[in-house]
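Here is what each chain is made of, one letter per residue.
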Amino acid sequence: MASERERALDPAILQQLFRDAPLPIAVYGVDGALQHSNDAHEAFADALGDASGIGRFNALYDLRSERYGHRAPFQRTVAGEVLDYAFTVRPDVSAPAPDTLHFHRLLLPTYDPERRITNIVSVIIDVSDWQHAERDKARLHAELQQAQKTEGLGLLAGSIAHDFNNLLVGVLGNVSLLLARLPPGSSLRRTAEAIELAARRAADVARQLLAYAGKGRFRVEELSLSELAREISELLRITLAQRAELHMELPPNLATVKADATQMRQVVMNLVTNARDAVAHGGVITLRTGELPASRVDLSAYLGRPDPQATDFVFLDVEDTGFGMDVLTAARIFDPFFTTKPAGRGLGLSAVLGIVRSHGGAMSVTSSPGVGTTMRVLLPAHGQPTKTLRLMPAPEPSPPAMQCGHVLVIDDEEMIRGLLTSMLEALGHTVTPCSSAAEALHALEHDAKSACCVLLDLNMPQHDGNEVFARIRARYPRLPVVFMSGYEARAAPIADGFLHKPFTMGDLRVALSKVIAPSPQ
Ligand SMILES: Nc1ncnc2c1ncn2[C@@H]1O[C@H](COP(=O)(O)OP(=O)(O)OP(=O)(O)O)[C@@H](O)[C@H]1O
Ligand SMILES: [Mg+2]
């Protein structure tokens, strides 16, 4: 039957099939030199030549070429095998989308009536789309898993940190009250100070966890990462001096980003601290910033999904020549509590990632053991710098003595109401503690005139702090309101002041002094 079919095939049909087939087909001699090729093959060679930036794609014309691995399969086909093998072509790196091209090539020998091999036929199939789709699928799957893990851990971290913070309000607040009451020479002062120090460290853990959960303080302004890195490096230079050389490549006219300066400082500090730990026996730390058009960024190498509308990015690299890390370590460094350091908490990079993500940015790590590490933060560019952007807040002047007055405290936690009452009384104020908005409004209705300020907890489970604020503001527009929160919600209306939980007597005094008139001299 097969021979009947073959006999029936008109050579003209074969010719036409060869010429017009949409697949690149070529016929080679047993010496590997090209003898015939169809139009699709020529078009393919031209297209590959263009894409790879090497002109005509010669490897296709000579099967003896070592390049692209054609030679070994060719030799096996000449020995009588039918083969299907894969080869890839890396396009010109300056191409707009430098994606590797993937092909399958079928090589089969043809025979004369004496069963001697006369020629080798090659058929090429472009499987790039399929390969890229598979790769994208795998990447999306990995991203989804990562996103689910981050979301779950973020929720957990956020709620632990919130409760933890509230407990710390009690510890830090009471110890500062105690310190205020202990006479200067008291032997208990050292003990109380040790408690205060421990509570501050614990507050730092809570702050890192909140940042990981994307719930840190959030006051967005236009800033320059070059300026920010430069100012922080000035602070770090002295502590780094014994261990590392600090290099800076910070172009002054860098495009700006929209970011929270406090959080960005936390990012740089955490990254530089890690770099410092990595160069424990000496080395170089480089802080580098620059701009990158979105078309040149391969986001598959980054953690985080930046705003797809971003056309340009600004990057900040913290590079060190330290001990680096292996692939297994690098895969876990952003997990909260993952640490390889005896005294590490494993929260630095989790906080960095949380902050970068909540700014619509992304991060990458490049590291090799014994060579060093580069951590890159990528943020969407906002605009060109128009003026020198001031970053470091001016040091707070010590608050002037303020007039004593009547303060309303609204917080649903009894412990915090009690603590604030004691603290405010110690500062010379009178206090009405309220557990709800209704109670506060009722108290104000009876005696609004005497109140000089309201301290309002923003995160009460039963009440929406913003709504309570709006109600007080609507009825008593001149009464200053100071928010209290472990974190500052992005959408929070601008109140008259902000008291970050946990706080000491000193923090409370500073917050109040901004809204209560100074006492007459
Ligand atoms: N520049 C670096 N070079 C080598 N390893 C690093 C570098 N940065 C981070 N790592 C690795 O990642 C781990 C996690 O870092 P991360 O900053 O989250 O926590 P940590 O530094 O161990 O503790 P801390 O909470 O005090 O920051 C480190 O323990 C270390 O193994
Ligand atoms: Mg760290």
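Report follows, based on the coordinates.

Rules of the game
- Residues numbered from 1 in each chain as written.
- Chains lettered and ligands numbered in written order.
- Predicted model: local features only at pLDDT ≥ 70, side-chain atom pairs only at ≥ 80, totals over all residues.
- Heavy atoms only, no water.
- Helix = DSSP H or I, 4+ residues; strand = E, 2+ residues; numbered from the N terminus.
- Buried < 20%, exposed > 50% of the residue type's maximum accessible area, 1.4 Å probe, protein only.
- Areas by Shrake-Rupley, 256 points an atom, 1.4 Å probe, with all protein chains shown as cover.
- Salt bridge = Lys/Arg side-chain N within 4 Å of Asp/Glu carboxyl O.
- Phe/Tyr/Trp six-rings, centres within 6.5 Å; stacked < 30°, edge-to-face > 60°.
- Lys NZ or Arg CZ within 6 Å of the ring centre and 35° of its normal.
- Near = heavy atom within 4 Å.
- Polar contact = N/O pair within 3.5 Å; in protein donor to acceptor, adjacent residues only side chain to side chain.
- Disulfide = S-S within 2.5 Å.
- Pairing = 2+ DSSP bridges.
- Axes fitted to C-alpha atoms, helices over the stretch in contact; angles between N-to-C directions.
- Parallel < 35°, antiparallel > 145°, perpendicular 65-115°, else oblique.
- Left-handed = near helix turned anticlockwise from the far one by under 90°.
- Contact = heavy atoms within 4.5 Å.
- Nonpolar A, V, L, I, M, F, W, Y, C, P; charged D, E, K, R; others polar.
- Arc of directions from axis to C-beta.

**A few points about the overall build of the protein chain**
Step number 1: Each helix and strand counted, the protein chain has 14 helices and 17 strands in total.
Step number 2: Within the protein chain, the fraction of its 521 residues that count as buried is 45%.
Step number 3: Accessible area of the protein chain: about 27400 Å², with a carbon and sulfur share of 56%.

**Some thoughts on the pattern of salt bridges**
Step number 1: Evaluated as defined, the whole model comprises 22 salt bridges.
Step number 2: Lys149 serves as the salt-bridge partner of Asp335, at 3.0 Å between the closest nitrogen and oxygen. You can see Asp335 sitting in the loop between α9 (327-330) and α10 (348-358) and its partner Lys149 sitting in helix α5 (residues 128-181), a full 186 residues away along the chain.
Step number 3: The exposure class assigned to Asp335 is buried, which follows from its relative accessible area of 16%.
Step number 4: Each of Glu249, Arg288, Asp317, Glu319 and Arg376 takes part in salt bridges that share partners, so that together they form one network.

**Overview of the packing of aromatic side chains**
Step number 1: One pass over the full model with this rule turns up four aromatic pairs.
Step number 2: Centre to centre, the rings of Tyr85 and Phe87 are 6.4 Å apart; their planes meet at 40°, and the pair counts as tilted. This pair shows no difference in class: Tyr85 is buried, exactly as Phe87 is.
Step number 3: Looking at Arg115, its charged tip hangs above the ring of Tyr111, at a distance of 4.1 Å from the centre.
Step number 4: A cation over an aromatic ring shows up here: Arg376 above the ring of Phe315, its NZ or CZ 3.9 Å from the ring centre.

**Topic: the site of ligand 1**
Step number 1: Contacts to ligand 1 come from 18 residues, most closely from Asn274, Thr339, Thr340, Lys341 and Leu347.
Step number 2: One of the side-chain nitrogen or oxygen atoms of Asn274 is found 2.8 Å away from an oxygen atom of ligand 1.
Step number 3: A distance of 2.4 Å separates an oxygen atom of ligand 1 from a polar atom in the side chain of Thr340.
Step number 4: Considered on its own, ligand 1 offers 590 Å² of accessible surface; in the complex 91% of this is hidden by protein.

**A look at the state of the cysteines**
Step number 1: Applying the stated criterion to the full structure yields zero disulfides.
Step number 2: Here Cys452 is not cross-linked by a disulfide; its sulfur's nearest cysteine counterpart is in Cys453, at 5.7 Å.

**Quick look at the sheet that holds strand β4 (residues 101-111)**
Step number 1: Across the sheet, five strands lie side by side as β2-β1-β5-β4-β3; this open sheet has antiparallel pairing. Of all the strands in the sheet, the pair left with one neighbour each is β2 (34-37) and β3 (83-89). On average, each strand axis in the sheet is tilted by 25° relative to the strand beside it, whichever way the strands run.
Step number 2: Pairing of β4 with strand β5 (residues 117-126), which is carried by nine bridges, proceeds in the antiparallel orientation. The residue bridging Thr110 from the neighbouring strand is Asn119, located in β5.

**Topic: the packing of helix α12 (residues 437-447) against helix α13 (residues 465-475)**
Pairs of packed helices are described in terms of their axes, by the angle between the two and the distance that separates them.
Step number 1: Running from N to C, α12 and α13 point in directions that differ by 15°, and their axes come no closer than 10 Å. Our classification of the angle between α12 and α13 gives roughly parallel. Here α12 runs over α13; the crossing is right-handed. Facing Ala437, Leu441, Leu444 and Glu445 of α12, the residues of α13 in contact are Val468, Arg471, Ile472 and Arg475.
Step number 2: For the contact of α12 with α13, the class distribution of residues is five nonpolar, no polar and three charged.

**So, helix α4 (residues 71-78)**
Step number 1: Taken together, the buried positions of α4 are occupied by Pro73, Phe74 and Thr77. Along the axis of α4, the buried positions cluster into a sector of 100°, meaning they face one direction only.
Step number 2: Positive backbone phi, at 110°, marks Gly80, one or two positions downstream of α4.

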